[in-house]
Amino acid sequence: MVRTMAEERPSVKGGMASAAQASSVQELSASAFQKYLGGMDYPAGKQDLINHARKNNAPDAVIQVLEMFQDKSFQSAADVSQEFGRVK
């Protein structure tokens, strides 16, 4: 039996691959989520975050989480992580 690398070793880094594989919001990890917001300029509003994630080809699960965020100004990636924990 030949096994592919993905079968032998699922992604443990929580990078874009695992975010893309997340079929639901519940499966999305904080680190995978943050990958799509890399390079974001802060402060940023909710819509800025959504636009940036879409520009980075974020999967639907990432956009769904962002749409649950409060409509406020986020000062840093740490603010975004805190809100991610609140809505998830």
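None of these values were measured; they are calculated from a predicted model. (Residues numbered from 1 in each chain as written. Predicted model: local features only at pLDDT ≥ 70, side-chain atom pairs only at ≥ 80, totals over all residues. Heavy atoms only, no water.)

Asker: I'd love a proper account of helix H6 (residues 77-87), names of residues and values included.
Answerer: Among the residues making up H6, those that are buried are Val80, Glu83, Phe84 and Val87. Projected onto a plane normal to the axis of H6, the buried residues spread over an arc of 105 degrees and lie on a single side. Turned more than 90 degrees off the buried face of H6, the exposed positions are Ala78, Gln82 and Gly85. Looking at the buried side of H6, the elements it contacts are helix H3 (30-35), helix H4 (46-55), helix H5 (60-68) and strand E2 (73-74). (Buried < 20%, exposed > 50% of the residue type's maximum accessible area, 1.4 Å probe, protein only. Helix = DSSP H or I, 4+ residues; strand = E, 2+ residues; numbered from the N terminus. Arc of directions from axis to C-beta. Contact = heavy atoms within 4.5 Å.)

Asker: Residues and numbers for the environment of Gln75, please.
Answerer: Mapped onto the elements, Gln75 comes out in the loop between E2 and H6. Taking the C-alpha atoms as reference, Gln75 lies 4.3 Å from Pro43; in sequence the two are 32 residues apart. Those residues within four positions of Gln75 in sequence are excluded, and the remaining contacts are Tyr42 and Pro43.

Asker: Give me the nonpolar core: which residues, what numbers.
Answerer: Among the nonpolar cores identified, the biggest contains 21 residues, and Phe33, Leu49, Ala53, Val62, Val65, Leu66 and Phe69 are the most heavily contacted of them. Contributing elements (two or more residues each) for this core: H3, H4, H5 and H6. The greatest single-element share of this core, amounting to 4 residues, is contributed by H5. Once residues within four sequence positions are removed from consideration, Val62 is found in contact with Leu28, Phe33, Tyr36 and Ala53. (Core = buried A, V, L, I, M, F, W, Y, C linked by side-chain atoms within 4.5 Å.)

Asker: Explain the confidence of the model for the chain to me, and be specific about the residues and the numbers.
Answerer: Across the chain, the average pLDDT comes to 80, with 73% of residues at or above 70. Taken element by element, the chain is modelled with least confidence in helix H1 (residues 5-8), mean pLDDT 43, and with most confidence in strand E1 (residues 44-45), mean pLDDT 98. Across residues 3-18, where pLDDT falls below 50, the model places 13 contacts with residues more than four positions away in sequence or in other chains. (pLDDT = per-residue confidence, 0-100.)

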